[in-house]
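An overview of the molecular structure
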Amino acid sequence: MDVNAAVAAAAAIAGVLTGVIAMLAFRWSERDQKRPTRTSLHTDPVLPPGVDTVLSVLRSSAVVLDEADAVVKASSAAYALGLVRGGKLSVEPMLQMARDTRRDGEIRQVELDLPRRGTGRGEALAVSARVAPLGSRLVLLLVEDLTEARRIEAVRRDFVANVSHELKTPVGALSLLSEAVMDASDDPEAVQRFAGRMQIEATRLTNLVQELIDLSRVQNDDPLEDAEPVRVDELVAEAIDRCRHQAGTKQITMASNVWSPEGIDQDGRREGGTADLHVWGNRGQLAAALGNLVENAVNYSPARTRVGIVARRVPAPGGDMIELAVTDQGIGISDKDKERIFERFYRVDPARSRATGGTGLGLAIVKHVVASHGGEVTVWSAEGQGSTFTLRLPEAGAARDRAQQHPGFDDEAGPTDSSPYASLPAPEVLP
């Protein structure tokens, strides 16, 4: 009896121990399942509170990396710049900066030139990268695109250098000529000759300063604030009057298909030529742009040749456009020069520009005026065959409507491969 009781007691004790062990094993297994593993730390990291919101409003490209260099968070700008590819930071110098910051906790910043990917262009992408620790495990990378800022700074440096050079030339010439006048004070013929040269250089200096002022004005002013309908025939007449003396000296014929204001019948309609055309914009700026083109055509054309001005209305999406083409029979422009002729101070033939008093700013002014009026300027030219510069501007009614509905509109049209006015009838010769 005692033996049976002892066996029963031992069995009960063994059962209790087994139950306790099973319960402890279950609790241990449950706690082990809730514990975060190393894999989960990598695949499901958590950003500190508020960081996601801050990153979404930053203008800089933002990338957050974990301790395994995997991308936890990246802004759309970072993908657009090509910084993140396949869930990894693709720029090795930035990746090394992130590793160094993760190791010692120091903030680092560097400027880099990155190749543009997928654009086919050779210029580099200038960026400023800043890396800082974000909590105990994460690293924050902020990248600022400096490409446009660097381009503007380069343009500013070139402009200052060009202006300094252009101003130095006539100023130096005036200084030397004044010394020559003083040394030749007893020679009236020499004094007269040197004084004539001084007048030429003074005129050149005055023209340069005036064109610098004009260029600054067209870049800073909004021509459509005081816009009005401008008659095309009046613009053409003003441009021709501006260059009539130079054309007469070289025996260059000035021709246009736009009749003079006197060519009106008793009902007030045009007698032949094109219909009454108007553009919408600043009269002074438009007259200066067309005048620059006509003046260039006269200055760069051989004697006893012809300069033509043709105006016409062409259909376009959103409203008709007015095209004004200035054609000459000069030496033409090479393909490599056509890409740069609208740059400030760029001259196809510097020696000829000095002889004609050109400053290299005329076409730059034309480009800015036309762009600010919602149009464009294109050029066709072939060496030995002359050139055709075409202004394409919105017609008055359509331009006014679009300017009111969509401020800052811009019509797009590519340059033509051949002179668009080569097949038109010969324009009437103006008196």
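Our subject is the structure that appears above.
Residues numbered from 1 in each chain as written. Predicted model: local features only at pLDDT ≥ 70, side-chain atom pairs only at ≥ 80, totals over all residues. Heavy atoms only, no water.

**Points about the overall build of the protein**
Per the secondary structure count, the protein includes 13 helices and 15 strands. In the protein, which comprises 431 residues, the share counted as buried stands at 38%. When contacts within the protein are restricted to residue pairs at least 6 apart in sequence, long-range pairs at least 24 apart make up 63% of them. Accessible area for the protein stands at about 24900 Å²; split by element, carbon and sulfur atoms hold 54% of it. (Helix = DSSP H or I, 4+ residues; strand = E, 2+ residues; numbered from the N terminus. Buried < 20%, exposed > 50% of the residue type's maximum accessible area, 1.4 Å probe, protein only. Contact = heavy atoms within 4.5 Å. Areas by Shrake-Rupley, 256 points an atom, 1.4 Å probe, with all protein chains shown as cover.)

**Some remarks on unusual backbone geometry**
Leaving glycine aside, a negative phi is the common case for residues, and trans is the common case for peptide bonds. Non-glycine residue D69 carries a positive phi angle of around 65°. Taking relative accessible area as the criterion, D69 reaches 11% and is therefore assigned buried. With a phi angle near 55°, Q251 is a residue other than glycine that sits in the positive phi range.

**Some points on the sheet that holds strand β6 (residues 124-134)**
With respect to topology, five strands assemble into an open sheet ordered β2-β1-β7-β6-β5, the strand pairing being antiparallel. Of all the strands in the sheet, the pair left with one neighbour each is β2 (71-74) and β5 (108-115). The average angle at which neighbouring strand axes cross in this sheet is 25°, direction not considered. As judged from the eight bridges shared by β5 and β6, these two strands associate in the antiparallel manner. Counted as the bridge partner of R108 is V131 from β6. (Pairing = 2+ DSSP bridges. Axes fitted to C-alpha atoms, helices over the stretch in contact; angles between N-to-C directions.)

**Points about the packing of aromatic side chains**
For any two aromatic rings, the description comes down to two numbers: the centre-to-centre distance and the angle of the planes. Evaluated as defined, the whole model comprises one aromatic pair. Their ring planes at 80° and their centres at 6.3 Å tell us that F342 and F389 sit as a pair that is edge-to-face. You can see F342 sitting in the loop between α10 (335-338) and α11 (350-356) and its partner F389 sitting in strand β14 (residues 386-394), a full 47 residues away along the chain. (Phe/Tyr/Trp six-rings, centres within 6.5 Å; stacked < 30°, edge-to-face > 60°.)

**Here's the deal with the packing of helix α9 (residues 283-299) against helix α12 (residues 362-372)**
At a closest axis distance of 9 Å, the pairing of α9 and α12 adopts a crossing angle of 145°. As for how α9 packs across α12, the hand of that crossing is left-handed. Across from Q285, L286, A289, N292, L293 and N296 in α9, the residues of α12 making contact are G362, L363, I365, V366, V369 and S372. (Left-handed = near helix turned anticlockwise from the far one by under 90°.)

**Some words on α12**
Within α12, burial applies to G362, L363, A364, I365, V366, V369 and V370. Taken from the residues just after α12, G374 is the one with a positive phi, measuring 80°.

**As for the pattern of salt bridges**
As enumerated under the stated definition, the model contains 21 salt bridges in all. One salt bridge in this structure joins R244 and D241, with 2.9 Å as the shortest N-O distance. Residue R244 and its partner D241 are located together in helix α8 (residues 232-249), separated by three residues, close to a single helical turn. With a relative accessible area of 52%, D241 lands in the exposed category. Through salt bridges with shared partners, one network takes in R231, D233, E234, E238, D276 and R283. (Salt bridge = Lys/Arg side-chain N within 4 Å of Asp/Glu carboxyl O.)

**Things to note about the packing of α8 against α9**
Contact geometry of α8 with α9 gives a least axis separation of 9 Å together with a crossing angle of 35°. The two elements α8 and α9 meet at a crossing, and its hand is right-handed. Contacts between α8 and α9 involve E234, L235, V236, E238, A239, R242, C243, Q246 and A247 on the former and, on the latter, R283, L286, A287, A288, L290, G291, N292, V294, E295 and V298. The residue inventory of the contact of α8 with α9, partitioned by class, reads eleven nonpolar, three polar and five charged. (Nonpolar A, V, L, I, M, F, W, Y, C, P; charged D, E, K, R; others polar.)

**Some details on α9**
The end-to-end C-alpha separation of α9 is 24 Å, in line with the 24 Å expected for 17 residues at 1.5 Å each. The buried fraction of α9 is high, at twelve of 17 residues. Those residues of α9 that sit buried are Q285, L286, A287, A289, L290, G291, N292, L293, V294, A297, V298 and N299. With a side-chain oxygen positioned 3.0 Å from the backbone nitrogen of G284, the residue opening α9 is N282. (Expected span 1.5 Å × (residues − 1). Polar contact = N/O pair within 3.5 Å; in protein donor to acceptor, adjacent residues only side chain to side chain.)

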